[in-house]
Amino acid sequence: MTEFTPWTALAGGAVLGISALILLLLNGRIAGISGIVSGAMDVSDPNAKWRWMFIAGLIIGPLLAAPFGTYLPEQIDAGWPLIIAGGLLVGAGTRLGSGCTSGHGICGIGRLSPRSIVATVTFMLVAVVVVFIVRHLTGA
C-alpha cells in the first residue's frame, strides 16, 4: 500500500460518492459511519435494520473486490495498545467533531455544509501536523 494507484482510487471514490448519493436520495440519510454505527447500537431505533445492512456491506465489500485484485493490508505495523488507543482517540474525535471524516468529507462537503467544510479542513490540517511530527521529529 505504498504505491499510489490512481485507477483503483478513482473507482473507490466513485463508488463511495454514488453510494452516499443513493443513501441520501432513497433514504434521506447521510452515510457517516459514526452515526450509522451509533444508531445500529440503539435497539429502540426503528432504522437499525438498514444500518446493519450498511455495516454488513462494509465487511462484505473487500471480499467482493478481491477477485479484481484489490486487497486490504495483511500486516499492520502497530501493536494492540497503539491500535486500541488510536480507536479510542478516533471515537473521541468523532464525538467532539459531531461526525466522522466520511460524514463530513464525503457527504457534508457534497451538500456544501459550512460546518463539514471547516471540520474536513481541520481533519486534514491535523493529519499533516501528525504526519510531520511522526516522520520528521520522532524518526518513525
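Each value, and the rule that gives it
Residues numbered from 1 in each chain as written. Predicted model: local features only at pLDDT ≥ 70, side-chain atom pairs only at ≥ 80, totals over all residues. Heavy atoms only, no water. Helix = DSSP H or I, 4+ residues; strand = E, 2+ residues; numbered from the N terminus. Buried < 20%, exposed > 50% of the residue type's maximum accessible area, 1.4 Å probe, protein only. Contact = heavy atoms within 4.5 Å. Expected span 1.5 Å × (residues − 1). Axes fitted to C-alpha atoms, helices over the stretch in contact; angles between N-to-C directions. Parallel < 35°, antiparallel > 145°, perpendicular 65-115°, else oblique. Left-handed = near helix turned anticlockwise from the far one by under 90°. Nonpolar A, V, L, I, M, F, W, Y, C, P; charged D, E, K, R; others polar. Polar contact = N/O pair within 3.5 Å; in protein donor to acceptor, adjacent residues only side chain to side chain. pLDDT = per-residue confidence, 0-100. Core = buried A, V, L, I, M, F, W, Y, C linked by side-chain atoms within 4.5 Å. Salt bridge = Lys/Arg side-chain N within 4 Å of Asp/Glu carboxyl O.

Caption draft 1: Region of the structure containing the overall build of the protein. Each helix and strand in the protein was counted, giving six helices and zero strands. Expressed along its principal axes, the backbone C-alpha trace of the protein runs to roughly 50 × 40 × 30 Å. Here the protein holds 140 residues, and the buried ones make up 18% of them. By sequence separation, contacts in the protein at least 24 residues apart represent 33% of the contacts at least 6 residues apart.

Caption draft 2: Fine view of helix α4 (residues 80-96). With 17 residues, α4 ought to run about 24 Å at 1.5 Å a step, and its terminal C-alpha atoms sit 24 Å apart, in line with that. For α4, a buried count of one out of 17 residues is recorded, marking the element as mostly open to its surroundings. Backbone geometry just after α4 places Ser98 at a positive phi near 55°.

Caption draft 3: Seen up close, the packing of helix α2 (residues 33-41) against helix α3 (residues 48-65). Where α2 meets α3, the closest approach of the two axes is 8 Å, and the angle between their N-to-C directions is 125°. Considering their axes alone, α2 and α3 lie oblique with respect to each other. Two packed elements cross with a definite hand, and for α2 against α3 that hand is left-handed. Between α2 and α3, the residues in contact are Ile33, Gly35, Ile36, Val37, Gly39, Ala40 and Met41 and Ala48, Trp50, Arg51, Trp52, Phe54, Ile55 and Leu58, respectively. The residue makeup of the contact of α2 with α3, split by class, is eleven nonpolar, two polar and one charged.

Caption draft 4: Broad picture of the side chain of Asp45. As for its placement among the helices and strands, Asp45 is situated in the loop between α2 and α3. Looking at Asp45, the relative accessible area reads 15%, which means it is buried. In terms of polar contacts, Asp45 uses its side chain to reach the backbone amide nitrogen of Asn47, at 2.9 Å. Excluding its chain neighbours within four sequence positions, the residues that come into contact with Asp45 are Gly39 and Arg51.

Caption draft 5: Structural view of the confidence of the model for the protein. Chain-level pLDDT for the protein is 85 on average; 98% of the residues reach the 70-or-more range. Across the protein, the secondary-structure element scoring lowest on mean pLDDT is helix α5 (residues 101-110), at 84, and the one scoring highest is helix α6 (residues 114-137), at 90.

Caption draft 6: Main features of the nonpolar core. Ala20, Leu23, Ala31, Ile36, Ala40, Trp50, Ile55 and Cys107 form the largest nonpolar core, which has eight residues in total. When contributions to this core are tallied by element, the ones reaching two or more residues are α1 (6-27), α2 and α3. If we ignore the near neighbours within four places in the chain, the residues touching Cys107 are Ala20, Ile30, Ala31 and Ser102.

Caption draft 7: Main features of the pattern of salt bridges. Inspection of the entire model under this criterion finds one salt bridge. In this structure, Asp45 and Arg51 form a salt bridge, with 3.1 Å as the shortest nitrogen-oxygen distance. Accessibility assignment for this pair places Asp45 and Arg51 in one class, buried.

Caption draft 8: Spotlight on the packing of α5 against α6. The N-to-C vectors of α5 and α6 enclose an angle of 130°; their axes lie 9 Å apart at closest approach. On the basis of their axis angle, the class for α5 and α6 is oblique. At the point where α5 passes α6, the crossing takes the left-handed sense. From α5, Thr101, His104, Gly105, Gly108 and Ile109 reach across to α6, where they touch Arg115, Ser116, Ile117, Ala119, Thr120 and Phe123. Here the contact of α5 with α6 is built from residues that sort into four nonpolar, six polar and one charged.

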